[in-house]
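Below, each chain spelled out in residue letters.
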There are 4 protein chains.
Amino acid sequence: MIKVGIVGATGYTGVELLRLLAVHPEAEVTVITSRSEQGKPVADLYPSLRGIIDLVFSQPNVDQLAQCDVVFFATPHGVAQSMVASILERGVKVIDLSADFRIRDVATWESWYGQTHGAPELIPQAVYGLPELNREAIANASLIACPGCYPTSVQLGFLPLMEAGCIDLSDLIANSASGVSGAGRQASIGALHAEVSDSFKAYAASGHRHLPEIVQGLNDMAVAAGAVSDASVNLTFVPHLLPINRGIHSTLYANLTDLSVDVQALFEARYANEPFVDVLPAGSHPQTNSVRGSNMCRIAVHRPAGGAKVIVLVVEDNLTKGASGQGIQCMNIICGLAENAGLAAPALLP
Amino acid sequence: MIKVGIVGATGYTGVELLRLLAVHPEAEVTVITSRSEQGKPVADLYPSLRGIIDLVFSQPNVDQLAQCDVVFFATPHGVAQSMVASILERGVKVIDLSADFRIRDVATWESWYGQTHGAPELIPQAVYGLPELNREAIANASLIACPGCYPTSVQLGFLPLMEAGCIDLSDLIANSASGVSGAGRQASIGALHAEVSDSFKAYAASGHRHLPEIVQGLNDMAVAAGAVSDASVNLTFVPHLLPINRGIHSTLYANLTDLSVDVQALFEARYANEPFVDVLPAGSHPQTNSVRGSNMCRIAVHRPAGGAKVIVLVVEDNLTKGASGQGIQCMNIICGLAENAGLAAPALLP
Amino acid sequence: MIKVGIVGATGYTGVELLRLLAVHPEAEVTVITSRSEQGKPVADLYPSLRGIIDLVFSQPNVDQLAQCDVVFFATPHGVAQSMVASILERGVKVIDLSADFRIRDVATWESWYGQTHGAPELIPQAVYGLPELNREAIANASLIACPGCYPTSVQLGFLPLMEAGCIDLSDLIANSASGVSGAGRQASIGALHAEVSDSFKAYAASGHRHLPEIVQGLNDMAVAAGAVSDASVNLTFVPHLLPINRGIHSTLYANLTDLSVDVQALFEARYANEPFVDVLPAGSHPQTNSVRGSNMCRIAVHRPAGGAKVIVLVVEDNLTKGASGQGIQCMNIICGLAENAGLAAPALLP
Amino acid sequence: MIKVGIVGATGYTGVELLRLLAVHPEAEVTVITSRSEQGKPVADLYPSLRGIIDLVFSQPNVDQLAQCDVVFFATPHGVAQSMVASILERGVKVIDLSADFRIRDVATWESWYGQTHGAPELIPQAVYGLPELNREAIANASLIACPGCYPTSVQLGFLPLMEAGCIDLSDLIANSASGVSGAGRQASIGALHAEVSDSFKAYAASGHRHLPEIVQGLNDMAVAAGAVSDASVNLTFVPHLLPINRGIHSTLYANLTDLSVDVQALFEARYANEPFVDVLPAGSHPQTNSVRGSNMCRIAVHRPAGGAKVIVLVVEDNLTKGASGQGIQCMNIICGLAENAGLAAPALLP
């Protein structure tokens, strides 16, 4: 059994790790930490885990975490960068669900996150944890920077088009919408039921922290495809807040530069062997509840009237494929387990 | 008091007319018809109207409707076209909330709605009921074709840009999302709470009936602005289904051809005197609950990093400004009443 | 026009007062206060009021409030008791939506609310603002203690049975459920969308602050009916939290002591002339959305298999008839206006 | 591997069986039938199962079903009774999730379900599938009548009190509320999102089909406890419709006849060894989302002010412990598997 530690297990990505790992056949959580809830049984905070997980929150402690095989960080940004080095030194693999190691350019990170980076020297060794793009690198990594929830959906949706080099990189649009758990488990008026339910809105239309992460990823794809030699992707990204708990839906728009491409066949071929990307039949519209609680990402491609505009519809669960499930998928790869170990359960429907 | 008849008052646009007209200071509903519910008191179907509206559904009858000053059609498409002529002949004004008279090109209408049009000779006299565009024509019209819910939001969002002639007409995108009341009050599995709630999806990504209506409107604006001499707007329109009852949110994307334009000022100037269009301060993000049950349309404009991409965020209540409220606004104009008579109540929040 | 002041207008009962008074034909809000939001336009906090209410939050100031005819307190408990005396002295009527003056026994109030009462000398002159019970006293009052949301529904549901003296007072049950706006507009994890939506729970099953208020009211009814000479009603009250924004549903259980009573006729007779209580036909089940945003209370009575158990189903909007609407109803009575002035609009459905 | 057949797999209990059995370690679904969807892949109806379950709906066929070890009926009432005999004859175990074999008295069944029973001769051999009550009988049964969703919650909530003989049987109350999936996956206006969401109501307050089933169960408990010699429990049962997809919450009321009983200890002792009943600490209030998608039933007991009234709060997922999960629990018992095989996953939270 792989021993797993979780730092910062009180938030929604933390409890999602616990939910999934509770029935993982080859891993068990042995340490969970929380500064604010130290000494409290996990089940007191999350009654859904009563009788299933008997652990008690403890203070983060490197010696204790060093006894794990893998340590997850399910903390706000800024925390992992202060602790990761000491854990890596002890030979423990680290999977960071926060934003700390996702962006390679330190100045960009510091600009968007408004603070000095605490461990810039570790950034080069961090592997971006998107298995569909980086499976081999993940297998050999010690430090995984798990992608953000929006970036996972947008990158998986554009990936086949980027690799095929068949779209105009100067005008990409990602119109995304997320369930409210993406805002975390903090008391805030903006996330109250009475404010969010029965309503919908865009936010951060003029700039969101996930934008530089997505652009970095798309640029990498473009460079790898030989389409460009340098950063040149121009993306407009508008996130929206959905009155649902879980789920991200991204509606992507691009203009084909090669009208002869069969986009349906392109997507099907690209993802044929991916265990967690499902390309729907032509004409489909994926619904977020088809991936609720599951690690699956479902994609449909449309090309209205056979024109140049290609529309990609992508759904994922922001807490699963968009965070904790993807982290466990990375753990499975690192540890040589079946990639879908502990991640095979279907979505909860209805 | 203006006497109002409503044909087909059992659906959601029908009950919305009743809700608004119940407290209209200068109009009263005198006839409501329904073939299926004939003889049943309105309040049996809609308990919210108990003690407020005492009418009973009757069979549609031209003699009876002829005693009204204004007759609303709140019917599925295909119904109004079979009855309107006989009502107009009796000198009664008709406001049609359905799609029957929105599209000028009969072949286009027949293609999208899958049936032969029953009154093509009336189409030329129908005035498209968007007061912000057609106020004078509405004032003198006998037959109003009320805009669809999506088309209202998309056209109001693009209107200032179209009139200013400052955007590239070859690549407009309307990414819209509607509450489920837009699907009407018909029993269907797809509109069940267990299917819709806690979920989100796109639909009709390859073509929706509101597309030709929007394109017709945008083309008209372009021609009026002298930007083009003929139909040439290229619009991509993707509707989505929100797990809310009321509300439409449209996120519009266009590329500025003139980077010097101050889009915030442009919108504020265009709508300065409009009673039902509210341009929010720069940096805002309108939320659908700010217009829940109200006839207001709220708009915000963004231009990320000051670039060429302009993003317009538009919210309206699909049953109010998107249907019945707009119909009453047209009635007020036709009848010479204050345009906001009966429409002044704020949104229901929370 | 009656001049209205609102102290503490930032919460949900405050914005509900503003929503209703915005279209009240004979009242206008002239002062709104908030310590925390001083200087901010109301519409910045509540975009639904943009273009409708142009007031700015000010510091509470007795001289300013003294220029009003009526002042509402929409504050947490403890605030009104510190300010009311100085306002009453200036001849201004006060309608308190908080709990400060609802309970006559000071010790009981202090025990449930955990603080010393700041104005016990005013309690005797406060009139409990339930018009169906106290209409005449309200008309002559200077200080109104508006009933709580749960207490309104429970008392209106039991009232006809209490007055008829036909139920066993030793075992009454009120199983109530409230929408989440009842918890107010404070940031708290328990009221987050991700915690409340798609879920349901009881709370305070062993004792809730509204229990002593309801018991006081029921005891008064019993004494008035001559059923008892002293406090003797035994009520079990269990509130529940609904994943909806507005609405209270109370399911009341009592045992008939007189099996010959026609409970349907009893309720219909009692409320025949009440403008805001609607007794549904036998066999009905009122739904909270039939009163959403309305001041109406709807009631149905059941007696399964014609036995001794009587079940009363009561719905109201907790923010309207359960708070602000009822306050305005009291204001109308005090000021000699039509009791339904500004309160005639039907519920928002769907 | 145990071979499982499912008759009528298109409804919500059917897809719930598929969801749970998809990851059951010792069972696999080999046949699924549906008259209406014959020939269609399961995943076309339920995209959540794409890539996980590759079966195609077939016509019900006894020869094919006879090759299974266990056959589930997830059909409306009336179907199982017409097919079960022929399947039992072939030596196959049958677990019926419908109401066909729950009620022993044929006349009572026929009265509540409005039709003649098609297989009254099988009723005596049917075992009521509530493991907490009937574990041994289930182990040896060939035909299981799975309890209804409401009856499971009400019976588990009253069970310890009934067995202890410490409550007044003449006045029990079950105030229950269910998510909308309990109404099944049929197109109906009453279950539309726009009718159900943001609302709440009671229904069938004067009599619901689950009432005779619950009363039968409670009477059995009373007789077994020696409290009575015959049917004598008097239960008032009022179901309510919640705007959630999954979950039942029952609030039970009874009067203690023995004030010395420690109800908390009583419940904890009774359920100490039950894998799927969790008694919460004193003072708790279980929330339905703590069992969303899980087979767990959580219970809390209250006794306000230490009086005679005992309040039991019970939550379960109506599709899991209230239907399909309980059916699989029975299957595990019949087949000699670990009782929690395939049922160990925690609830989906948030």
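Residues numbered from 1 in each chain as written. Chains lettered and ligands numbered in written order. Predicted model: local features only at pLDDT ≥ 70, side-chain atom pairs only at ≥ 80, totals over all residues. Heavy atoms only, no water.

**Q** Help me get a handle on the overall build of chain A, residues and values and all.
**A** Along the backbone of chain A there are 11 helices and 13 strands. At 20 Å, chain A has a C-alpha radius of gyration in line with the 20 Å of a compact globule built from 350 residues. The proportion of buried residues among the 350 residues of chain A is 64%. If you take every contact in chain A between residues at least 6 apart in sequence, the share linking residues at least 24 apart comes to 71%. Only carbon and sulfur atoms are counted for the fraction: they give 48% of the accessible area of chain A, which is about 10,900 Å². (Helix = DSSP H or I, 4+ residues; strand = E, 2+ residues; numbered from the N terminus. Rg over C-alpha atoms; globule rule 2.2 N^0.38 Å. Buried < 20%, exposed > 50% of the residue type's maximum accessible area, 1.4 Å probe, protein only. Contact = heavy atoms within 4.5 Å. Areas by Shrake-Rupley, 256 points an atom, 1.4 Å probe, with all protein chains shown as cover.)

**Q** Explain the environment of Thr320 of chain C to me, and be specific about the residues and the numbers.
**A** Residues and elements named next belong to chain C. Position of Thr320 among the secondary structure elements: in helix 11 (residues 320-334). Taking the relative accessible area as the measure of exposure, Thr320 reaches 1% and is therefore buried. For the pair Thr320 and Asn295, spaced 25 residues apart in sequence, the C-alpha separation works out to 5.2 Å. For Thr320, the residues in contact, after removing those within four places along its chain, are Glu16, Arg19, Leu20, Arg246, Gly293, Ser294, Asn295, Gly325 and Gln326.

**Q** Help me get a handle on the relation of the copies chain C and chain D, residues and values and all.
**A** Here the two chain copies are tied together by a rotation about an axis and a shift along that axis. The operation relating chain C to chain D is a screw motion whose rotation component is 180°, with 0.0 Å of axial translation and a residual RMSD of 0.0 Å. This pairing of chains is accounted for by a two-fold axis. Of the interface residues in chain C, 100% have counterparts in chain D that sit at the interface too, so the contact is made through matching surfaces. (Least-squares fit on C-alpha atoms with pLDDT ≥ 70 in both.)

**Q** Could you give me a rundown of the pattern of salt bridges, with the residues and numbers involved?
**A** Side-chain pairing between opposite charges can occur once the charged atoms of the two side chains come close. By the definition in use, this model includes 64 salt bridges over all chains. We note a salt bridge from Glu274 of chain B to Arg135 of chain B, for which the minimum N-O separation is 2.6 Å. With Glu274 of chain B in the loop between helix 10 (263-270) and strand 11 (277-279) and Arg135 of chain B in helix 6 (residues 131-139), the pair connects residues that are 139 residues apart, well separated along the chain. Since its relative accessible area comes to 10%, Glu274 of chain B is described here as buried. Where Arg90 of chain D meets Asp63 of chain D, a salt bridge forms, and the shortest distance between an N and an O atom there is 3.0 Å. With a gap of 27 residues between them, Arg90 of chain D in the loop between helix 4 (80-89) and strand 4 (93-96) and Asp63 of chain D in helix 3 (residues 62-65) connect regions that are remote in the sequence. (Salt bridge = Lys/Arg side-chain N within 4 Å of Asp/Glu carboxyl O.)

**Q** Before we move on, could you go through the sheet that holds strand 9 (residues 235-241) of chain A and cite the residues and values that matter?
**A** Residues and elements named next belong to chain A. Within the open sheet, the seven strands sit side by side as 8-9-7-10-13-12-11. Their pairing is mixed. Where the open sheet ends on each side, the last strands, each with one partner, are strand 8 (201-202) and strand 11 (277-279). Pairing of strand 8 with strand 9, which is carried by two bridges, proceeds in the antiparallel orientation. Among the inter-strand pairings, Ala202 is bridged to a residue of strand 9, identified as His240. Its contacts with the sheet put helix 7 (residues 149-164) on strand 7 (172-178), strand 9, strand 10 (248-255), strand 11, strand 12 (297-302) and strand 13 (309-316), and the angle it makes with strand 10 is roughly 35°. Packing against the sheet, helix 9 (residues 210-224) makes contact with strand 7 and strand 9, and its axis sits at approximately 135° to strand 9. (Pairing = 2+ DSSP bridges. Axes fitted to C-alpha atoms, helices over the stretch in contact; angles between N-to-C directions.)

**Q** Mind laying out the side chain of Thr251 of chain D, listing which residues take part and the relevant values?
**A** In this fold, Thr251 of chain D is placed in strand 10 (residues 248-255). Of note is the side chain of Thr251 of chain D, whose polar atom sits 2.7 Å from the side chain of His240 of chain C. One polar contact links Thr251 of chain D to His249 of chain D, side chain to side chain, over a distance of 3.3 Å. Ignoring any residue separated from it by four or fewer positions in sequence, one finds Thr251 of chain D in contact with Asn175, Val238 and His240 of chain C together with Ile173, Ala174, Asn175, Ile311, Val312 and Leu313 of chain D. (Polar contact = N/O pair within 3.5 Å; in protein donor to acceptor, adjacent residues only side chain to side chain.)

**Q** Hey, could you go over the relation of the copies chain B and chain A for me, with residue numbers and the actual values?
**A** With an RMSD of 0.0 Å, the fit of chain B onto chain A corresponds to turning through 180° and sliding 0.0 Å along the axis. Most of the interface of chain B is mirrored in chain A, where 100% of its interface residues again form contacts.

**Q** Which residues make up the pairing of strand 9 (residues 235-241) of chain C, and what are the values?
**A** Residues and elements named next belong to chain C. The buried count for strand 9 comes to seven of seven residues, which makes it a mostly enclosed element. Where burial is concerned, the two faces of strand 9 agree: the one with Leu235, Phe237, Pro239 and Leu241 and the one with Thr236, Val238 and His240 are both buried. Alignment of strand 7 (residues 172-178) against strand 9, held across seven bridges, turns out to be parallel. Paired with Asn175 across the two strands is Val238, which belongs to strand 9.

**Q** Could you give an account of the interface of chain C and chain D, with specific residues and numbers?
**A** Taken residue by residue, the interface counts 41 residues in chain C and 41 residues in chain D. Carbon and sulfur atoms supply 52% of the area that chain C and chain D bury against each other, a total of about 3,300 Å² over both sides. At the boundary of chain C with chain D, the tally comes to four salt bridges. Its salt-bridge partner being Asp198 of chain C, residue Arg292 of chain D comes within 3.2 Å of it at the nearest N-O pair. Seen at the junction of chain C and chain D, the total is 32 residue pairs in polar contact (both at pLDDT 80 or more). Elements with a contribution of two residues or more to the side of chain C that touches chain D: strand 7, helix 8 (193-196), strand 8 (201-202), strand 9, strand 10 (248-255) and strand 13 (309-316) of chain C. (Buried area = accessible area lost by both parts, 1.4 Å probe.)

**Q** Give a description of the packing of helix 6 (residues 131-139) of chain C against helix 11 of chain C that names residues and reports values.
**A** All names here are of chain C. Running from N to C, helix 6 and helix 11 cross one another at 40°; their axes reach a closest spacing of 9 Å. What the angle tells us is that helix 6 and helix 11 run oblique. Crossing hand, helix 6 versus helix 11: right-handed. Between helix 6 and helix 11, the residues in contact are Pro131, Glu132, Arg135, Ile138 and Ala139 and Lys321, Gln326, Gln329, Cys330, Ile333 and Ile334, respectively. (Parallel < 35°, antiparallel > 145°, perpendicular 65-115°, else oblique. Left-handed = near helix turned anticlockwise from the far one by under 90°.)

**Q** Describe the sheet that holds strand 10 (residues 248-255) of chain B, naming the residues involved and giving the relevant values.
**A** Residues and elements named next belong to chain B. Reading across the sheet, the seven strands line up as 8-9-7-10-13-12-11 and stay open at both edges, with mixed pairing between neighbours. Whereas interior strands pair on both sides, the edge strands pair on one side only; in this sheet they are strand 8 (201-202) and strand 11. In the packing of helix 7 (residues 149-164) onto the sheet, contacts are made with strand 7 (172-178), strand 9 (235-241), strand 10, strand 11, strand 12 (297-302) and strand 13 (309-316), and the angle to strand 10 comes to roughly 35°.

**Q** Can you tell me about the packing of aromatic side chains, naming the residues and giving the values?
**A** Residue and element names in this part refer to chain B. Counting across every chain of the model gives 10 aromatic pairs over all chains. Where Tyr150 meets Phe237, the ring centres are 5.2 Å apart and the plane angle is 75°; that geometry is what we call edge-to-face. In this pair, Tyr150 sits in helix 7 while Phe237 sits in strand 9, placing the two residues 87 residues apart along the sequence. (Phe/Tyr/Trp six-rings, centres within 6.5 Å; stacked < 30°, edge-to-face > 60°.)

**Q** Tell me about the interface of chain B and chain A, and please be specific about residues and values.
**A** Chain B puts 41 residues into the contact, and the matching count from chain A is 41 residues. A combined buried area of about 3,300 Å² lies between chain B and chain A, and 52% of that area is made up of carbon and sulfur atoms. Joining chain B to chain A, the criterion identifies four salt bridges. In this structure, Lys309 of chain A engages Asp171 of chain B in a salt bridge whose closest nitrogen and oxygen atoms are separated by 2.6 Å. Counting every contact that joins chain B to chain A gives 32 residue pairs in polar contact (both at pLDDT 80 or more).

**Q** Report on the side chain of Thr152 of chain D, specifying residues and quantitative values.
**A** Residues and elements named next belong to chain D. As for its placement among the helices and strands, Thr152 is situated in helix 7 (residues 149-164). Its relative accessible area of 0% is what places Thr152 among the buried residues. Contacts of Thr152, omitting those with residues within four sequence positions, involve Leu130, Pro147, Glu316, Lys321 and Gln326.

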